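Remarks on the overall topology
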Amino acid sequence: MSKLQIEIDNGSGFCFGVTTAIKKAEEELAKGTTLYCLGDIVHNGMECDRLRQMGLITINHEQLAQLHDAKVLLRAHGEPPETYELARRNNIEIIDATCPVVLQLQKRIKEQYFRGSEGTEVRGDKDSQIIIFGKSGHAEVLGLVGQTQGKAIVIEKFDDVKQLDLTRDTYLYSQTTKSLDEFHRIIDYIQSHIAPGATFRSFDTICRQVANRMPNISQFATRHDLILFVCGRKSSNGKVLFNECKRLNPNSHLIEGPDEIEPEWLQGIQTVGICGATSTPKWLMEQCEKELTK
């Protein structure tokens, strides 16, 4: 194994939003503060364990409702307005680590849904619809749908666009970590099928820090005999990037940590590339490298 050439992808690792959320958590915990986090701070079990050992307490929305006079961190994915209202009622101090890209997207969707300086709801719901290309139930998507009082329609994949009523004015947005190519396919379909007289506008809200990883990781995957894609299995972004690796290099394996590396994968292998998602910490990829050089 020691003769292996191993490269860790420089472009992999936490995105800006996740880095900021973790830094805010570490700063609060360093003060000795009791800090709660609403949902996993990042879709990576080992990083969550590291922060849990530092004192971070992960809670769900039901537990939040029972909490009073406490300090709660909102992770990069963002939250719907109801979460902030609940925090005000329960005297909860919010440490808001919502990614700036997500915040801007929430604002744009809310402004589309509410018109006028008085915040009057757009009338005639049957005449207009807000579509969000994203994963149903994903934390970021729940926050986006929350900006529309639950009225936005979520489509998860290209085929879902065929079920839409395109006789209505349609406003299309995307979860920040979705595939740029698939988003453009959806735009093309709606443009060619929208009814005469109906308005269609699309807003490219995909984070370029994430989208730009696709071409980079594509090149990386072709450079090595074996690809180890280190990622929590809950990560949406990780699934997209791993599928791209697998498409270009069939000898790609998704692992959550070094203990999942199978010795038989290394038979006849000269070069190994280690990469990961926006939720994968660099230290975890380095642990995988150490496992290979034992």
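The structure this text deals with has already been given above.
These notes cover the structure that comes with them. Here the residue index of a chain counts from 1 through its sequence in written order. With the structure being a predicted model, the display of local features is reserved for residues of pLDDT at least 70 and the display and counting of side-chain atom pairs for 80 or more, all residues being used for whole-chain, interface and lining totals. Values reported for side chains reflect all heavy atoms of the structure, with hydrogen atoms and water molecules removed beforehand.

**Details of the pattern of salt bridges**
Salt bridge criterion: a side-chain nitrogen from Lys or Arg within 4 Å of a carboxyl oxygen from Asp or Glu. Overall, the coordinates contain 15 salt bridges when judged by the stated rule. With a closest N to O distance of 2.5 Å, Asp204 and Arg208 form a salt bridge. The classification of residues rests on relative accessible area computed with a 1.4 Å probe and restricted to protein chains. Under 20% of the type maximum is buried, over 50% is exposed, and intermediate values are partly exposed. With relative accessibility at 36%, the residue Arg208 sits in the partly exposed group. A salt bridge links Glu256 to Arg233, with the shortest nitrogen-to-oxygen separation between them at 3.8 Å. Of this pair, Glu256 sits in the loop between β13 (252–255) and β14 (271–276) while Arg233 is found in the loop between β12 (226–230) and α10 (236–248), placing the two residues 23 residues apart along the sequence. Taking the relative accessible area as the measure of exposure, Glu256 reaches 29% and is therefore partly exposed. Residue class for Arg233 comes out partly exposed when judged on its relative accessible area of 44%. Among the charged side chains, a salt-bridge network with shared partners connects Glu28, Lys31, Lys71 and Glu93. Going along the chain from the N terminus, every DSSP run of H or I of four or more residues is numbered as a helix, and every run of E of two or more is numbered as a strand.

**Quick notes on the environment of Thr19**
As for its position among the elements, Thr19 is in helix α1 (residues 16–30). For the pair Thr19 and Cys99, spaced 80 residues apart in sequence, the C-alpha to C-alpha distance is 9.8 Å. Contacts described as polar in this section are N or O atom pairs within 3.5 Å, which, within protein, must combine one atom able to donate a hydrogen with one able to accept it, while residues neighboring in sequence count only if both atoms come from side chains. Among the polar contacts listed, one links the side chain of Thr19 to the backbone oxygen of Cys15, at a separation of 3.0 Å.

**Brief notes about the packing of aromatic side chains**
When two rings of Phe, Tyr or Trp (its six-membered ring) have centres within 6.5 Å they constitute a pair, described as stacked for plane angles under 30 degrees, edge-to-face for angles over 60, and tilted for the intermediate range. Across all of its chains, the model carries 5 aromatic pairs by this definition. Taken together, a centroid distance of 6.3 Å and an interplanar angle of 10° make the contact between Phe133 and Phe183 stacked. Remark: Phe183 occurs in helix α7 (residues 180–193) and Phe133 occurs in strand β8 (residues 128–133); sequence separation between them is 50 residues. The same class applies to Phe133 and to Phe183, which are both buried. Look at Tyr173 and Phe203: their rings are 4.5 Å apart centre to centre, the planes differ by 10°, and that puts the pair in the stacked class. In this pair, Tyr173 sits in strand β10 (residues 169–174) while Phe203 sits in the loop between β11 (200–202) and α8 (208–211), placing the two residues 30 residues apart along the sequence. In this structure, Tyr173 and Phe203 share a single accessibility class: buried. One residue, Arg185, lies across the ring of Phe158, its end atom 3.9 Å from the ring centre. Two conditions define a charge sitting above a ring: the NZ of Lys or the CZ of Arg must be within 6 Å of the ring centre, and it must be within 35 degrees of the ring normal.

**Thoughts on unusual backbone geometry**
Here Asp69, not a glycine, exhibits a phi torsion of approximately 50°, which is positive. Summarising the element assignment, Asp69 is placed in the loop between α3 (61–66) and β4 (71–74). Although it is not a glycine, Asn91 adopts a positive phi angle of roughly 55°. For Asn91, the position within the fold is in the loop between α4 (81–89) and β5 (93–96).

**Considerations on the side chain of Arg213**
By the element assignment, Arg213 lies in helix α9 (residues 213–222). With no salt bridge to any partner, buried Arg213 finds its closest opposite charge in Asp9, at an N-O distance of 7.0 Å. In this count, Lys and Arg are taken as positive residues and Asp and Glu as negative ones, while His and the chain termini are left out.

**Considerations on the nonpolar core**
By convention a nonpolar core is built from buried Ala, Val, Leu, Ile, Met, Phe, Trp, Tyr and Cys residues, the set being connected through side-chain atoms within 4.5 Å. If you look at the biggest cluster of nonpolar residues, it comprises 19 residues, and the most contacted ones within it are Ile155, Val161, Leu164, Leu172, Ile186 and Ile190. Those elements giving two or more residues to this core turn out to be β8 and α7. Broken down by element, this core gets its largest block of residues, 5 residues, from α7.

**A closer look at empty space enclosed by the protein**
In the cavity and pocket records, a cavity denotes points on a 1 Å grid over the protein atoms alone where a 1.4 Å probe fits but cannot get out, a pocket denotes an open set with protein on both sides within 12 Å along at least 5 of 7 lines, and lining residues are residues with an atom within 4 Å of a point. Grid points are joined across faces, edges and corners, and a volume is the space filled by probe spheres set on the points. Overall, the coordinates contain 1 cavity of 30 Å³ or more when judged by the stated rule. Put simply, the largest cavity is a space of about 30 Å³. In terms of lining residues, the largest cavity is bounded by Asp9, Gly11, Ser12, Arg213, Asn216, Ile217, Leu241 and Gly276. A total of 3 residues in the lining of the largest cavity trace back to one element, the largest contributor, which is α9. Looking at the lining of the largest cavity residue by residue, the classes come out as 2 nonpolar, 4 polar and 2 charged. Side-chain classes are defined by residue name, with Ala, Val, Leu, Ile, Met, Phe, Trp, Tyr, Cys and Pro counting as nonpolar, Asp, Glu, Lys and Arg as charged, and the others, Gly among them, as polar.

None of this, on its own, says anything about what the molecule does.
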